[in-house]
Structure formats: structure tokens, C-alpha cells
Amino acid sequence: MRRTANKRKWLVVLVTAGAVCLVSCEDVGPLPPPPEPPELTPRDPEAIAEEILTGLAPLNVYIRGLPAEIPINEPLRGQLMDHVRQAKARWEQSENGRLALRTVRRDLEDRLKPMQAEGRAHAVLMLCDLIEILDPGNSRPARYRTWAETHKNRPFVVIRGWYEPLDAPYEVIYAFCEVYLPETGQVKNVAVRQGEEFFGLIFREILGDKSGMLLEYEATGTTFEVYGP
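Since the model is a prediction, treat every value here as computed from it, not as a measurement.

Details of the sheet that holds strand E6 (residues 212–217)
Here's step 1: In spatial order, the strands read E4-E5-E6-E7; together these 4 strands make up an open sheet with antiparallel pairing. A strand with exactly one partner marks an edge of an open sheet, and here the two such strands are strand E4 (197–198) and strand E7 (222–227).
Here's step 2: As paired strands, E4 and strand E5 (residues 201–207) are joined by 2 bridges and run antiparallel to one another. Paired with Phe 198 across the strands is Leu 201, a residue of E5.

So this is what it looks like as C-alpha cells:
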């Protein structure tokens, strides 16, 4: 009898403990996931910066592979901006991370002047966007953005051939050109002679023995050279 009584006592204790556990678990809710284990060796700033810059490699491919007048497509723009936003969110809380982000920002800033010299307005605008994500108070991109907003719509000219009318009373030379208009995405064909204006450009001079044209972009007053076949 005593053994049976003891069994009943332990059964009551176990049932009660189980009930308490159930109530307690319901009150607390699901347990949070365990924290990620810390890195055994903190990453140095150079390695972090290299990783971030590697993610920006598609911008280099665009610059090498397309004419300056071709805009950066929206999927690529979004990819690059998301990459920098994510890198900033990940690394700005640590000292090494902040140093790496500063290195990346300086790398992007150093590209502004060369891209401007090459007339790559769309690349300059992309660089300005990325720099401003990393450093919203940075004033350096402002003047480059102003130039790029004006310059990005400069027509892209390809010389297809030359023509000299034999019956003209004086020497006249026409350049047959194919003109891409970035603002509208249209392609136009035109025959133009020295001194004439077309699509916001002025044909200033024939270069060499009809090897190219010196053109002026009226919106900025800058000149550039185009060479043909």
C-alpha cells in the first residue's frame, strides 16, 4: 500500500510540473535564435574594402564595354546601389568596417575626374549616387553632378562617309552622320557641312584629310572630336 501511495505521489508531482512547464512556455513564447558566433579573427579594413569594391565590378564592365552616351540600365543601377547600402549597413558599426567604407568612398571619388575627362556623364552620375549613400553630407559630388546632368544628353555621332558635290560653285564637303539622341533614344541620319548646327551640336572643323570632325556641344560650350572610317 505504501509503495502504491508513493507512486501516486510522484505521478501528481510530475503532472503538476508538466502543467507548470506548459504554462511557462506559453507565457515566454518561442525562444530567440542563438546569436551568430563572433569571428575568431576580426577582418582587416583592406580585405573588407576589397570585398566591397569587387561587388562594384559590373560598373567597370559597363564603362569598358559601352560608349559614354549609353545610359546605365536600371537593373544594374539598382544592383550597385543595393550592394553599397548593404555594405554600409553591415560594416559601419565596427572600426575596421568604417575604415573600409572610407577607403571605398575615396576610391569612388578618385574616379570622378577621369570619368568627367572621358565625357562619361552616366558613369559620373552613378559614382555620385554611390558616394552619397556612403557619405550623405559629402559636398564633392555636387559639381560633378551638375556637369553630368547637362552633359548626359550630348548626342553620340558616328561618321558614315563624306560627300563632295561636283557641280557646286565652290568646295563643299558634307559629312554623313548617324546620330544617337540619349534623351529620346532615337537614332537620326543627317548630312551636315562645316559651320552647320544639328541636334544641339555645331560642326566646327574637318579634321585631317576628312578623317574626323571637331564638334561643339552647345549646352556646355565644350568641343570634342569624332573620327570616321
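Additional details are given in the paragraphs that follow.
Concerning the environment of Glu 46
Here's step 1: Examined against the element boundaries, Glu 46 turns out to sit in helix H2 (residues 45–54).
Here's step 2: The exposure class of Glu 46 is exposed, given its relative accessible area of 56%.
Here's step 3: Sequence separation between Glu 46 and Leu 99 is 53 residues, and the spatial gap between their C-alpha atoms is 8.5 Å.

Things to note about the packing of helix H3 (residues 57–65) against helix H6 (residues 121–134)
Here's step 1: Between H3 and H6, the shortest axis-to-axis distance is 11 Å and the interhelical angle comes to 165°. By the criterion of interaxial angle, the relationship of H3 to H6 is roughly antiparallel. Judged by the sense of rotation from one axis to the other, the crossing of H3 with H6 is left-handed. Of the residues in H6, those touching H3 at Leu 59, Tyr 62 and Ile 63 are His 122, Ala 123, Met 126 and Leu 127.
Here's step 2: When the residues that make up the contact of H3 with H6 are grouped by side-chain class, the tally is 6 nonpolar, 1 polar and no charged.

Section: H2
Here's step 1: Among the residues making up H2, those that are buried are Pro 45, Ile 48, Ala 49 and Ile 52. Axial view of H2: buried residues confined to an arc of 95°, hence all on one face. H2 presents Glu 46, Glu 50 and Thr 54 as exposed residues on the side facing more than 90 degrees away from its buried surface.
Here's step 2: Where H2 starts, the residue carrying a side-chain oxygen 3.2 Å from the main-chain nitrogen of Glu 46 turns out to be Asp 44.

Conventions we followed
Residues numbered from 1 in each chain as written. Predicted model: local features only at pLDDT ≥ 70, side-chain atom pairs only at ≥ 80, totals over all residues. Heavy atoms only, no water. Pairing = 2+ DSSP bridges. Helix = DSSP H or I, 4+ residues; strand = E, 2+ residues; numbered from the N terminus. Buried < 20%, exposed > 50% of the residue type's maximum accessible area, 1.4 Å probe, protein only. Axes fitted to C-alpha atoms, helices over the stretch in contact; angles between N-to-C directions. Parallel < 35°, antiparallel > 145°, perpendicular 65-115°, else oblique. Left-handed = near helix turned anticlockwise from the far one by under 90°. Contact = heavy atoms within 4.5 Å. Nonpolar A, V, L, I, M, F, W, Y, C, P; charged D, E, K, R; others polar. Arc of directions from axis to C-beta. Polar contact = N/O pair within 3.5 Å; in protein donor to acceptor, adjacent residues only side chain to side chain.

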